[in-house]
Amino acid sequence: MPAPLDISIWHSLWSVEKDKITFEKIKPKQAIFDFNVGYIGGLFLGVCFVMLGALVMYQSGQSFSSKGATFASQLINLYTENLGEFSGIFIAAAAFTTMFSTTITTLDASPRAMEKSSSLLFSKRIKLNYWFWIILLTIGTYIILRYFLSDMVFLVRIATVLSFLTAPFYAILNYILITGKHTPEKHRPEIGLRILSLVGIAFLIGFSIWFLLSL
C-alpha cells in the first residue's frame, strides 16, 4: 500500500540486516536500488488508489459503510458491476494480498525501528528488543481492531491526520541526516536533489497546514 514517509528508515534497517545475513557486503548502489524499487512501487500504488477513488468510488451513488467487512464487500461489488462477475475473485485476491503484505511488512519494520529508536534514546539503561516491540505492536493492533473496527471512518481519519502531521517532521529529519556529518560526503545528494528535497519539505508543511484548516 502507499507507504508513510518514515519508510526510508525501514529500508535503511532492512539494508543493514541484509548486510548481516548475506556473505556479500551490500554496496551503496544496491541499497539505493532496493530503496528505489520500494519508492517507485509505493508511488505507483498511491496513484492506483487515487484512481480507485476517482474512477470507481466517486459519484457511484453508493453510501459506503463504516464497517470494514461491509466496506470491502461494497468495493468488490463496485468492480464486478463495472468489469463483470468474473473480476470478483481477482479483486478479492488483490485486496487480500495488499492488506496481508502490508500487515507483514509493518509487523517486521515497526519493531525494528522502535528497537533502534529505544537503543539510541536510552542507551543501555533500558533494553527493549525486537520481540518486546513486536508483542506490544500485536497487542495494540488487537485492541484497535477490537474497539474501532466497527467505525472504520474514524480509524482512517486518525491514521490520515497522523500521517499528514508527521510527514514534514520525518522529511526534515531525513534531510538533516542525509546531508549532515553522519553521511559520508561522497554519498550526500547533489545540489539539484537538495533543492528538490527542500521544495518537497515546503510542500509537505504547506499541505499539512491546509489539511488542518480544512478539517
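Residues numbered from 1 in each chain as written. Predicted model: local features only at pLDDT ≥ 70, side-chain atom pairs only at ≥ 80, totals over all residues. Heavy atoms only, no water.

Re the overall build of the chain
- Secondary structure assignment for the chain yields seven helices and zero strands.
- Counting from the amino terminus, the chain carries its helices and strands in the arrangement α-α-α-α-α-α-α.
- Viewed in the frame of its principal axes, the chain has a C-alpha envelope of about 55 × 40 × 40 Å.
- Looking at the chain residue by residue over its 215 residues, the buried ones come to 21%.
- For the chain, the accessible surface area stands at approximately 15900 Å², while carbon and sulfur atoms represent 71% of it.
- Distance between charge centroids for the chain: 11 Å, based on 17 positive and 12 negative side chains. (Helix = DSSP H or I, 4+ residues; strand = E, 2+ residues; numbered from the N terminus. Buried < 20%, exposed > 50% of the residue type's maximum accessible area, 1.4 Å probe, protein only. Areas by Shrake-Rupley, 256 points an atom, 1.4 Å probe, with all protein chains shown as cover. Lys, Arg positive; Asp, Glu negative; His and termini not counted. Charge placed at Lys NZ, Arg CZ, Asp CG, Glu CD.)

Here's the deal with the nonpolar core
- Ranked by size, the top nonpolar core spans nine residues in total: Leu52, Val56, Met57, Phe71, Leu75, Leu78, Tyr79, Ile91 and Met152.
- Broken down by element, this core gets its largest block of residues, four residues, from helix 3 (residues 68–83).
- Discounting residues that sit within four places of it in the chain, Ile91 has contacts with Ile76 and Tyr79. (Core = buried A, V, L, I, M, F, W, Y, C linked by side-chain atoms within 4.5 Å. Contact = heavy atoms within 4.5 Å.)

Here's the deal with the environment of Ser197
- Relative to the helices and strands, Ser197 is located in helix 7 (residues 191–214).
- Measuring from C-alpha to C-alpha, the distance between Ser197 and Thr141 comes to 33 Å, with 56 residues separating the pair along the chain.

A few points about the packing of aromatic side chains
- By the definition in use, this model includes 10 aromatic pairs.
- Summarising the aromatic geometry, the rings of Phe96 and Phe100 are spaced 5.7 Å apart at their centres and angled 15° between planes, so their arrangement reads as stacked. Taken together, the positions of Phe96 and Phe100, both in helix 4 (residues 88–122) and four residues apart, correspond to about one turn of that helix.
- The interplanar angle of 55° and the centroid separation of 4.5 Å between the aromatic rings of Phe164 and Phe211 together place this pair among those described as tilted. Residue Phe164 is found in helix 6 (residues 152–179), and its partner Phe211 is found in helix 7; the two are separated by 47 residues along the sequence. (Phe/Tyr/Trp six-rings, centres within 6.5 Å; stacked < 30°, edge-to-face > 60°.)

Some details on the side chain of Ser118
- On the secondary structure map, Ser118 appears in helix 4.
- Dropping the residues within four chain positions of it, Ser118 is found in contact with Ser123, Leu128 and Trp133.

Quick look at the environment of Asn82
- Tracing the chain through its elements places Asn82 in helix 3.
- Residue classification places Asn82 among the exposed residues on the basis of a relative accessible area of 56%.
- As a C-alpha pair, Asn82 and Val56 span 26 residues in sequence and 8.2 Å in three-dimensional space.

A few points about the environment of Lys20
- Looking at the element boundaries, Lys20 is found in helix 1 (residues 7–21).
- Of the residues examined, Lys20 reaches a relative accessible area of 61% and is grouped as exposed.
- Considered as a pair, Lys20 and Val37 are 17 residues apart in the sequence and their alpha carbons are 21 Å apart.

Looking at a nonpolar patch on the surface
- Taken together, the side chains of Ile135, Ile139, Tyr142, Ile143, Ile144, Tyr147, Phe148, Phe154, Ile158 and Leu162 make up a nonpolar region of the molecular surface, amounting to roughly 970 Å² of accessible area.
- Secondary structure elements with two or more residues in the nonpolar patch: helix 5 (130–148) and helix 6.
- No other element matches the seven residues that helix 5 contributes to the nonpolar patch.
- Along the chain, Phe148 turns up in helix 5. (Patch = residues over 30% accessible without salt bridge, like charges linked within 9 Å, V, L, I, M, F, W, Y side chains within 5 Å. Salt bridge = Lys/Arg side-chain N within 4 Å of Asp/Glu carboxyl O.)

What to know about the pattern of salt bridges
- For the structure shown, the criterion picks out three salt bridges.
- Note that Arg112 is salt-bridged to Asp108, the shortest N-O span being 3.0 Å. Here Asp108 and Arg112 lie together in helix 4, a separation of four residues that amounts to about one turn.
- Several salt bridges share partner residues, and in doing so they unite Glu17, Asp108 and Arg112 into one network.

Here we look at the packing of helix 1 against helix 2 (residues 28–57)
- Across the interface, helix 1 lies against helix 2 with an axial gap of 10 Å and an inter-helix angle of 140°. By the angle between their axes, helix 1 is oblique relative to helix 2. The element helix 1 and its partner helix 2 pack so that their crossing is right-handed. Seen from helix 1, the contacting residues are Ser8, His11, Ser15 and Lys18; seen from helix 2, they are Ala31, Asp34, Phe35 and Gly38. (Axes fitted to C-alpha atoms, helices over the stretch in contact; angles between N-to-C directions. Parallel < 35°, antiparallel > 145°, perpendicular 65-115°, else oblique. Left-handed = near helix turned anticlockwise from the far one by under 90°.)

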